[in-house]
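For reference, the chains in residue letters:
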Amino acid sequence: MTDQRDKMNNTAEKNEIVISDTDFLSSFLWRNQFGIVTRLFAKLGMDIVVPQAVIEELGYSTRTRERLQTPLMQLNNKKDKVSGSGNVYIRDIDPFSDMGIKYKELKESMGQGESAAISMLLYAEDEAACLASNNLKDVGRYVENYGITLWTTADVLVKAEELGIITQKKAINLWEKMYEDGLYLPEGTYEEYIKRKKAVG
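Residues numbered from 1 in each chain as written. Predicted model: local features only at pLDDT ≥ 70, side-chain atom pairs only at ≥ 80, totals over all residues. Heavy atoms only, no water.

**Here's the deal with the sheet that holds strand E5 (residues 150-151)**
In step 1: The 5 strands lie next to each other as E3-E2-E1-E4-E5, forming an open sheet whose pairing is parallel. Each end of this open sheet is capped by a strand with a single partner; those strands are strand E3 (88-91) and E5.
In step 2: Examined bridge by bridge, strand E1 (residues 17-20) and strand E2 (residues 47-51) share 3 bridges and lie parallel to one another. Residue Ile-17 lies in a different strand from E2, and its bridge partner there is Asp-47.
In step 3: Sheet contacts for helix H7 (residues 112-123): E1, E2, E3 and strand E4 (129-132); angle to E4, the most-contacted strand, approximately 165°. (Pairing = 2+ DSSP bridges. Helix = DSSP H or I, 4+ residues; strand = E, 2+ residues; numbered from the N terminus. Contact = heavy atoms within 4.5 Å. Axes fitted to C-alpha atoms, helices over the stretch in contact; angles between N-to-C directions.)

Put into structure tokens, the structure is as follows:
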């Protein structure tokens, strides 16, 4: 079996694609703001890969299906070849591959979306990849052990503002709505998070 630590360390600097888990994706889809994600990664020359398991997980509840019906239909328009243009690609996992075996193993200790995203990262053959997730409890040790570049919802909002994709007012208002909806965010307000980031350096 390939040494996955070496593979991730060798590819972490290139990051041609970002593989999303469920909570990251839903944090923008629920508020009809997924365009922020696609515009940001297009500017960075990256594409977004969504495991089919994440699409399935998003559609489990009636409430989620109703709120995400249109964007989910758009996400299910599969594309074959990444282009670095902020496109979205749906990828499935072969259950008989090393990736599939790892996915089944991880599902015993973490959610379906996180398990699929981590498995794809560890066994991606052709594309350098990073991870989009807010679930640091589950993915944190993989991020640290394999040198994975991590994007959280907070990171996307900050970078989108820096690059002029959204205004500071938009970032503040969206952060407030996400926080009120119970999304995990590292601070209560966008301003507090920016202040802490500047203090850390």
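**A short note on unusual backbone geometry**
The phi torsion of most residues other than glycine is negative, and most of the peptide bonds are trans.
In step 1: One non-glycine residue, Asn-32, adopts positive backbone phi at about 55°.
In step 2: Note that Asn-32 resides in the loop between helix H2 (22-29) and helix H3 (34-43).

**A look at the side chain of Gln-33**
In step 1: Among the structural elements, Gln-33 can be located in the loop between H2 and H3.
In step 2: We classify Gln-33 as buried; its relative accessible area is 18%.
In step 3: In this structure, Gln-33 is in contact with Phe-28, Lys-170 and Leu-174, ignoring residues within four places of it in sequence. (Buried < 20%, exposed > 50% of the residue type's maximum accessible area, 1.4 Å probe, protein only.)

**Some thoughts on the packing of H3 against helix H9 (residues 153-162)**
Packed helix pairs are specified by the crossing angle of their axes together with the interaxial distance, meaning the distance between the axes.
In step 1: Between H3 and H9, the shortest axis-to-axis distance is 10 Å and the interhelical angle comes to 65°. For the crossing formed where H3 meets H9, the hand is left-handed. Touching Ile-36, Val-37, Leu-40 and Phe-41 of H3 are Val-156, Lys-159 and Ala-160, all from H9. (Left-handed = near helix turned anticlockwise from the far one by under 90°.)

**Focus: the environment of Ala-132**
In step 1: Assignment of secondary structure puts Ala-132 in strand E4.
In step 2: Using a relative accessible area of 1% as the deciding quantity, one classes Ala-132 as buried.
In step 3: With 112 residues separating them along the chain, Ala-132 and Ser-20 place their C-alpha atoms 4.6 Å apart.
In step 4: Not counting chain neighbours up to four residues away, the residues in contact with Ala-132 comprise Val-18, Ile-19, Ser-20, Asp-21, Phe-24 and Trp-151.

**Quick look at the side chain of Thr-153**
In step 1: When you line up the elements, Thr-153 lands in helix H9.
In step 2: When its relative accessible area of 0% is taken as the criterion, Thr-153 is described as buried.
In step 3: One polar contact links Thr-153 to Ser-27, side chain to side chain, over a distance of 2.8 Å. (Polar contact = N/O pair within 3.5 Å; in protein donor to acceptor, adjacent residues only side chain to side chain.)

**Focus on the packing of aromatic side chains**
In step 1: One pass over the structure, following the stated rule, counts 5 aromatic pairs.
In step 2: Linked through ring pairs, Trp-175, Tyr-190 and Tyr-193 together constitute an aromatic cluster. (Phe/Tyr/Trp six-rings, centres within 6.5 Å; stacked < 30°, edge-to-face > 60°.)

**Considering H2**
In step 1: With 7 of 8 residues buried, H2 is to be regarded as a mostly interior element.
In step 2: Among the residues of H2, those classed as buried are Thr-22, Phe-24, Leu-25, Ser-26, Ser-27, Phe-28 and Leu-29.
In step 3: Sitting at the head of H2, Asp-21 places a side-chain oxygen 3.3 Å from the backbone nitrogen of Phe-24.

**Concerning the environment of Pro-51**
In step 1: Assignment of secondary structure puts Pro-51 in strand E2.
In step 2: With 31 residues separating them along the chain, Pro-51 and Ser-20 place their C-alpha atoms 7.5 Å apart.
In step 3: If we skip the residues at most four places from it in the chain, Pro-51 touches Ile-19, Ser-20, Arg-91, Ala-116, Ala-117 and Met-120.

**A look at the pattern of salt bridges**
In step 1: On inspection of all chains with the given rule, the structure shows 4 salt bridges.
In step 2: A salt bridge links Arg-31 to Asp-181; its shortest N-O distance comes to 3.0 Å. Here Arg-31 is found in the loop between H2 and H3, whereas its partner Asp-181 is found in the loop between helix H10 (168-180) and helix H11 (190-200), with 150 residues between them in sequence.
In step 3: Judged by relative accessible area, which is 15%, Arg-31 ranks as buried. (Salt bridge = Lys/Arg side-chain N within 4 Å of Asp/Glu carboxyl O.)

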